[in-house]
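# Secondary and tertiary structure notes
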Amino acid sequence: MMTDDVYREMESVVGEENISREPAILDSYAFQPFHRAEPGSWIHRPAAVVLPGSTGEVQQIVKICHRNKVSYKAHSTGWGAHSGPGKEGVIQIDLRRMDRILEIDEENMYVVVEPYAICAQVQAELMKRGLNLHIIGAGSSTSPLAACTSHMGMGFTGVSMGYSGRSVLGVEWVLPDGELLRLGSLGSGSGWFCGDGPGPSLRGIMRGWAGYDGGLGVFTGVAIKTFHWPGPREPEVEGLLFDTKTEVPDNFKVFLCYFPDYERWADAYYRIGEAEIAYIMSKNPIGAMIWAFTPHLMRKITDMPAIKTALKAAQHGCHVMIAANSPGDLDYQVKTLKRIIEETEGVLIDVKPPFESMLWWSGVRVSAVQAIFRPGGTFFVGLGGDEAVDNTMLQAKFGEKIKQDFIDRGLIYDDLADVMWGGLYEQGLFNHQEEIMIFNARDPRQAKAPEEFAKACARTAVEEHLGGIGFALFGGEKMHDLFSPVTSDYYKWEKKIKETWDPDDLSNQTFR
Amino acid sequence: MTLDDYRLDMMGCSRCSMCKWVPLNQVKSWRYARSCPSISKYNFHAYSGSGKMNVALSLLDGRIELDETVADIAYKCTLCGACDVSCKVYRDDIELCEVIEELRELCVTEGLLIPEHMIMIDSMKKEDNVFGEPKSERGNWAEGLGLKDVNSESADVLFHAGCRFSYDEDLRGKVRGSVRLLLDAGADIGIAGKEESCCGGRAYEVGYRGEMDNYADDVVARVKASGATVLVTPCSDCYSTFKYFYPRAGHELGVEVLHITEYIDRLVKDRRIALSHDVPLHVTYHDPCHLGRRGEPYLGKWEGDKLLRPLSRKRAGRNGIFDQPRDILKAIPGLKLSEMERVREYSWCCGAGGGVLEAHPDLALWSATERIREAGATGAEAIVTACPWCERSFIDAISEMGEEMAVYDLTELVTMSAGIGGE
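Heads up: these notes are all about the structure in this document. (Residues numbered from 1 in each chain as written. Chains lettered and ligands numbered in written order. Predicted model: local features only at pLDDT ≥ 70, side-chain atom pairs only at ≥ 80, totals over all residues.)

### Thoughts on the overall build of chain B
- Of the regular secondary structure elements, chain B holds 18 helices and 9 strands.
- The C-alpha radius of gyration of chain B comes to 21 Å, within 12% of the 22 Å expected for a compact globule of 423 residues.
- In terms of its C-alpha atoms, chain B occupies a principal-axis envelope of roughly 60 × 45 × 40 Å.
- Within chain B, contacts between residues separated by at least 24 positions form 80% of all contacts whose residues are at least 6 apart in sequence. (Helix = DSSP H or I, 4+ residues; strand = E, 2+ residues; numbered from the N terminus. Rg over C-alpha atoms; globule rule 2.2 N^0.38 Å. Contact = placed C-beta atoms within 7 Å.)

In structure tokens, the structure reads:
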């Protein structure tokens, strides 16, 4: 329990200006309307919030919590209900004072960051050195450390860079009892360059597939693998989003690809993966895109069945960006893509300015996805996960039916029932898909939709053997209990790890 | 409007934290990626744009009491609007700054008053200016310029100097030079002299709306009596008040309102001001918040669901005054302009606005210092701006920092290039 003595002890670590238990301050951490199935905006109010400024301070805070059996929850940028307390009496550790880029090693191609350096900052600095990093689909306002160590990690460049879990090298990890563990080469004093030693390699324990969302202590530093950036060192971009103006470099090409059906779309994905082409591949739901870009138009379109049908014809497709290192490379990749599209009976649209500018920069910077909040104020993700391409297509087919039912009942926005957001990963090793539904949380009827939607998706996934447990993350214990028996008992193993590393359950894992 | 009228805005916050950063498209470095002075200095989420809305909603929901912490959160904010711009890149249905304004008005009506603001309001009541300086000395800055007195004669252009330019003697040469420039261009200018009053914008921003209404009535009456067709002000705070707050509160001036940079831009383009002399300076330009993103004209009240509001009715900052000052600077021969990373609608605030200079000078100084560092990073030897409040902040920050950077009002550079000698 958080007593006055515990508070004062923590205050002595961080200073009075970096700790608070004022109700107004605390309630700003209790407002978490996003990434939650149940209606409402408030989660448990933390018992205090503390802002450590260094790994040493984090260790001291966690040790105080451990000694006094007080639960704590760390977050970086703090977006989503999984970032906040999942119960009463939890200390919120806000890591925003730890915001530095500690090192950029150009020769060994990695960057070392603290929790509150956001992707856009890191990318801007990397580009100046001809490097880039994988940014998750939630956008470049997120923490790359969190994506690497603690939460999912899917994004547009997955096809060429893999998901965030693949980019983890050395890690600095404050364990649930406050001890410091250094993973990989960092653990043997050899620097940050390798995740697997010399030194302990515990990445599987650290995050498994989707991460513990702060349930296994606090990550205070991570080295992230970077990738060659063949674009300009300091791109000159005008505009904030929809008005983006920039010169797309000659060695980049942006395409939209459409296919007649799920099957030929999947075939194309497999072949693009095998050909090892493309820098970015992203499926953006057509209805959601129109809602995000032109909500007023989409409101009109929803009353026009013929137009809706015409638009939905474009649901089997994706956005492909090619980045080449030479004219020959560009030629090879474009020819290969064209051939694959032709042989899978698809349509390839070579995107021209000014739309090309927006797609190029918002794709690289990952700055447009957040517009999905525009039409209704929020969205939710149901069925989805990371599976073989064919399986994700199957998920999408079922998802379409589920979503249409919710649209017909007026519980969510009519986005043509087009699923999915996602894209190809690791040259075709798997596909990620998320069934996004847009709703207005301020409408009491629609506010209840996510809970029912999550249940409908989960039930279908289990009954139809679709896999796709990724979004059980936000569903809590019941969702895990549903999925776990049909998915190698993952939750049993996850709980065993948690019980071993944090037997007093102090490092709070919101949705477990 | 009341805070409760913004409940849906507050409920709509997704807590994405975009309000803490410049729009993602425009993040150019680690160092200058932040947009909000308040959260950048105080760190607790409550001090961000999002956090202020969370706190206000918590109040409405009865989860917390209106107390000194709430007031601290509400007032340690320059109301610069950077959070609002970044939010509106993605959202049509949230008026972040208006929530903060309503929260402040609630503080005032509930008696949670900031002593420094009470002093300012008291000064305004007694002397019609924010400094408590004698009203009788308001027009002293214009002595010897031969300007018309609109209290007794008519003029085409009513020049409203504003409180800062009227009383800050360090800035006196700047405002006098700007008027001489306009006279030289043949403008028929009059001033209200000691009868000029504060615009009331600062009172409005710290929650004393009734005070602004009083001043608005006074200003409207004087403008009408002057027979002027144009009101020109060199103060960005006054400009924003005239362009946005007055019409929003139902006060129509009935004349064209121009910031002096707009007016000079016209005169240069009409060849009434010739920029013929070299000004061999390397400068950077600071967009004043109240001239830029907060300088947009009022477009009328939107009734109903903001989700249905067209983009043209969204106050997103893009229609502020950004191009005219740059056009002028680019037209000055010999002058080199280097832009800072945070410019136009995502410019960093000088720290002087929203009652912060009066109540929280440490935050004001910190914010100005941050801007001077950014200006220095461009390699420029001088920072140019178009607002006396920004100029005061920068002069003080540079002095505190021990830096060498010069601070110019844009009109000074025009005066130099036009060959109008200094005093």
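### So, the interface of chain A and chain B
- Chain A puts 46 residues into the contact, and the matching count from chain B is 38 residues.
- At the level of elements, helix H2 (23-30), helix H4 (119-127) and helix H13 (355-365) of chain A are the ones that each hand at least two residues to the side of chain A that touches chain B.
- With 6 residues, the top contributor of residues to the side of chain A that touches chain B is H2(A).
- Considered class by class, the residues forming the side of chain A that touches chain B number 20 nonpolar, 17 polar and 9 charged. (Nonpolar A, V, L, I, M, F, W, Y, C, P; charged D, E, K, R; others polar.)

### What to know about unusual backbone geometry
- Following A:Gly197, the chain continues to A:Pro198 via a peptide bond in cis, the omega torsion being 10 degrees.
- Of the consecutive residues A:Pro353 and A:Pro354, the connecting peptide bond is found in the cis state with omega at 0 degrees.
- For A:Pro354, the position within the fold is in the loop between strand S15 (347-350) and H13.
- Positive phi, normally seen in glycine, also occurs at A:His35, with a value near 65 degrees.
- With respect to the secondary-structure elements, A:His35 resides in the loop between H2 and strand S2 (48-50).
- Positive phi, close to 65 degrees, is recorded for B:Arg15, a residue that is not glycine.
- Assignment of secondary structure puts B:Arg15 in the loop between helix H1 (7-11) and helix H2 (37-42).

### Topic: the sheet that holds strand S16 (residues 378-387) of chain A
Residues and elements named next belong to chain A.
- Taking strand neighbours across the sheet as the criterion, the 3 strands line up as S16-S18-S17 in an open arrangement whose pairing is antiparallel. Sheet topology places S16 and strand S17 (421-425) at the edges, where each strand pairs with a single neighbour. Within the sheet, the average angular offset between the axes of one strand and its neighbour, ignoring direction, is 15 degrees.
- Running at roughly 10 degrees to strand S18 (residues 430-439), helix H14 (residues 389-408) makes contact with S16, S17 and S18 of the sheet.
- Each of S16 and S18 touches helix H16 (residues 449-463); the most contacted strand, S16, lies at about 15 degrees to it. (Pairing = 2+ DSSP bridges. Axes fitted to C-alpha atoms, helices over the stretch in contact; angles between N-to-C directions.)

### Focus: the pairing of S18(A)
Residue and element names in this part refer to chain A.
- In terms of burial, S18 is largely enclosed, as 9 of its 10 residues are buried.
- Here 8 bridges tie S16 to S18, and the two strands are oriented antiparallel to one another. Considered in S18, the bridge of Phe 380 is made with Met 437.
- Looking at chain direction, S17 and S18 are connected through 5 bridges and run antiparallel. (Buried ≥ 20, exposed ≤ 12 C-beta atoms within 10 Å, placed from the backbone.)

### Quick notes on the nonpolar core
- A:Val50, A:Ala278, A:Val320 and A:Ile438 are the most contacted members of the largest nonpolar core, which totals 299 residues.
- In terms of residues, this core owes the most to one element, helix H6 (residues 96-109) of chain B, which gives 8 residues.
- Those residues in contact with A:Val320 that sit more than four places away from it in its chain are A:Phe255, A:Cys257, A:Ala278, A:Ile280, A:Met281 and A:Leu337. (Core = buried A, V, L, I, M, F, W, Y, C linked by C-beta atoms within 7 Å.)

### Some points on the environment of A:Pro354
- By C-beta crowding, A:Pro354 is classed as partly exposed, having 14 other C-beta atoms within 10 Å.
- The sequence separation of A:Pro354 and A:Ile25 amounts to 329 residues, and the corresponding C-alpha distance is 44 Å.

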